[in-house]
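Structural description and commentary
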Amino acid sequence: MTQISPIFKREFFGYFRSPVAYVFLVVFSVASIGLAFFVGGFFKANQATMQSYFTFYPWLFLFLIPAAGMRLWSEEKRTGTVELLFTLPITTLEAVLGKFLAAWAFLTLAILLSLPLAGTVAYLGSPDWGVIASTYFGGVLMAGSYLGVCSLTSALTKNQVISFVISVVACLALLFLGWSVFSEVLGSIFPVWLVDLLSNFSFITHFDAFTKGIIDPKDVVFFLSLMGFTLFLNVVALER
Amino acid sequence: MIEVKGLVKTYGPKRAVDGVSFRVNRGDILGFLGPNGAGKSTTMKMITGFLRPDSGTATVDGIDVTVDPVAVKGKLGYLPESAPAYPEMTVEEFLGFIAEVRGFRSATARGAQVDRAIGLTHLSPVRKQTIETLSKGFKQRVGFAQALLHDPGVLVLDEPTDGLDPNQKNEVRSLIKAMAVDKAVILSTHILEEVDAICNRVIIISRGKVVADETPASLHARKPGARLDEIFRTLTASDV
Ligand SMILES: Nc1ncnc2c1ncn2[C@@H]1O[C@H](COP(=O)(O)OP(=O)(O)O)[C@@H](O)[C@H]1O
Ligand SMILES: [Mg+2]
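Residues numbered from 1 in each chain as written. Chains lettered and ligands numbered in written order. Predicted model: local features only at pLDDT ≥ 70, side-chain atom pairs only at ≥ 80, totals over all residues. Heavy atoms only, no water.

1. Details of the overall build of chain B
Broken down by element type, chain B carries nine helices and ten strands. Relative to its length of 240 residues, chain B is compact, with a C-alpha radius of gyration of 18 Å against a globular reference of 18 Å. For chain B, the spread of C-alpha atoms along the three principal axes comes to 55 × 40 × 35 Å. In chain B, which comprises 240 residues, the proportion classed as buried is 55%. Look at the contacts in chain B between residues 6 or more apart in sequence, and 65% of them connect residues 24 or more apart. Total accessible area computed for chain B in this model is approximately 9,700 Å², and 53% of it derives from carbon and sulfur atoms. Each charge class in chain B was averaged separately, 31 positive and 29 negative side chains, and the resulting centres sit 3 Å apart. (Helix = DSSP H or I, 4+ residues; strand = E, 2+ residues; numbered from the N terminus. Rg over C-alpha atoms; globule rule 2.2 N^0.38 Å. Buried < 20%, exposed > 50% of the residue type's maximum accessible area, 1.4 Å probe, protein only. Contact = heavy atoms within 4.5 Å. Areas by Shrake-Rupley, 256 points an atom, 1.4 Å probe, with all protein chains shown as cover. Lys, Arg positive; Asp, Glu negative; His and termini not counted. Charge placed at Lys NZ, Arg CZ, Asp CG, Glu CD.)

2. Points about the interface of chain A and chain B
Facing the 22 residues of chain A at the interface are 23 residues of chain B. Together chain A and chain B conceal approximately 2,200 Å² of surface at their shared face, both sides included; 66% is due to carbon and sulfur atoms. Per-residue buried area on chain A facing chain B is highest for Arg-10, Glu-83 and Leu-84 of chain A; these three make up 30% of the total on that side. Inspection of the chain A/chain B interface yields four salt bridges. For Arg-10 of chain A, the salt bridge goes to Glu-88 of chain B, with nearest N and O atoms at 3.5 Å. Secondary structure elements with two or more residues in the side of chain A that touches chain B: helix H1 (4-15), helix H5 (71-79) and helix H6 (81-85) of chain A. Of the residues assigned to the side of chain A that touches chain B, the class counts are nine nonpolar, eight polar and five charged. (Buried area = accessible area lost by both parts, 1.4 Å probe. Salt bridge = Lys/Arg side-chain N within 4 Å of Asp/Glu carboxyl O. Nonpolar A, V, L, I, M, F, W, Y, C, P; charged D, E, K, R; others polar.)

3. What about the nonpolar core?
In terms of nonpolar packing, the biggest core is built from 119 residues, with Phe-28 and Tyr-57 of chain A together with Phe-94 of chain B touching the most fellow members. What Phe-94 of chain B contacts, discounting residues up to four positions off in sequence, is Leu-84 of chain A together with Pro-84, Ala-85, Tyr-86, Met-89, Ile-131, Val-142 and Gln-146 of chain B. Counting 26 residues, the second-largest nonpolar core is a separate cluster that includes Val-4, Ala-38, Tyr-78 and Ile-186 of chain B. (Core = buried A, V, L, I, M, F, W, Y, C linked by side-chain atoms within 4.5 Å.)

4. Details of the coordination of the magnesium ion (ligand 2)
Surrounding the magnesium ion (ligand 2) are the protein donor atoms Ser-41 of chain B (OG) and Glu-81 of chain B (OE), which sit 2.0 to 2.7 Å from the metal. Here the residue Ser-41 of chain B occupies a position in helix H1 (residues 40-47), and Glu-81 of chain B occupies one in the loop between strand E6 (76-79) and helix H3 (91-101), the gap between them amounting to 40 residues. (Donors = N, O, S within 2.8 Å, 3.2 Å for Na, K, Ca; no water.)

5. Details of the sheet that holds strand E2 (residues 14-24) of chain B
Remark on secondary structure: sheet strands pair via backbone hydrogen bonds, oriented parallel or antiparallel. Residue and element names in this part refer to chain B. Overall, antiparallel pairing links the four strands, which are arranged E2-E1-E4-E5 in an open sheet. Whereas interior strands pair on both sides, the edge strands pair on one side only; in this sheet they are E2 and strand E5 (63-64). For strand E4 (residues 55-60) and E5, the ladder comprises two bridges, and the chain directions are antiparallel. Bridging from a neighbouring strand, Val-60 pairs with Ile-63 of E5. Sheet contacts for H1: strand E1 (2-11), E2 and E4; angle to E1, the most-contacted strand, approximately 120°. (Pairing = 2+ DSSP bridges. Axes fitted to C-alpha atoms, helices over the stretch in contact; angles between N-to-C directions.)

This is the structure in structure tokens:
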């Protein structure tokens, strides 16, 4: 597992070798804060919380994380560097983890760039720091789960556009299961227990608790097992 | 030392490599010849552990690549066809990354290996340049530098002189010759003059099968007075 570190470093610092990383960070910040201000009514709510900022995370991630994750493996396949990487003395698992953790760290950085907003909230009122911290924690975990899905889909094709589209569709499915509007539709067709069961697989259902300040082990386990599962499939897909 | 026994690889209905066996000892430079599509690259990818053979084995210094791929990869230097490398990295950064994965963890050890490889391949003028800005000849040399960075006992080179101008070709050939004294080298090519220039053994493959395995001299002796490409054409006549 000592081989994870050089892979991680190359990938993580690799983001900053191209302008794409900076564009991504700017788009992420502008989009998340813009949604909070103009759609979420950040100031109108007149509350010292970041609720209106984080509400949109599951939807924002739906597009931004596939955008960040689509190149993870498809780029290596397209340029042929995958052959270089997998003839170095590393295991597939080490390569998958190294690249995944680097991308996750990059996304965490994007999320943490919103900290000045938390500062603003603190300046305007006295927010519940516990809730803010748990929401950040949940946001980072959810980002990892989205990323696991995207890393897997990008290992399936050398075409980044296809990788992006499949990622969005897969994430959308995981999102919709817990979206209240969709649940009502499902509820009119299927029995309640089935709808509840399905919504157990949704990002929204599990993220919600974090935004209320509750860190339920069940939700943490959900996100971690989704990551573990997708990364396992990722290894299988690459070794195929 | 490399020992290959009965390697087979099938793509769909097509048998790309069909029972290839041979042996390369230390001090040998084996020229691996064949028309395009004969199965040279596929054979090399199986020896280097990038592809898993359908059947047969390849061992390097007695280690079976299908049993312990990481150990074999540690012993090998491999230049894949068209010398893939991470385009956004500088030559120095890229070789530093390879050195780190190859186990040179301290900055001094890494620096020493990188300097040595850069010296051998005459890359000093471009060491701080990003790989995407390099000419074809320099890119090829970066691939070379990467392959011999850890001074491996076994070198596998897939078309090392492809796309180089005559001067660069000569330079690469003398480099291979100089290095091969205590190494086992396989190099694939479809340039026949290369065989006379550097190889002490030749294998010709056609449609996935070995059709000749001998010294360049005995290859010439097959049809005294004839040019090498005539002999080559006769041997690979079935491959059209
Ligand atoms: N990934 C692949 N999928 C399907 N066929 C392939 C693949 N790679 C190589 N082939 C086929 O296998 C044969 C051998 O290819 P290759 O080993 O690249 O030949 P060479 O290196 O001697 O030119 C060719 O007919 C090629 O089309
Ligand atoms: Mg080839």
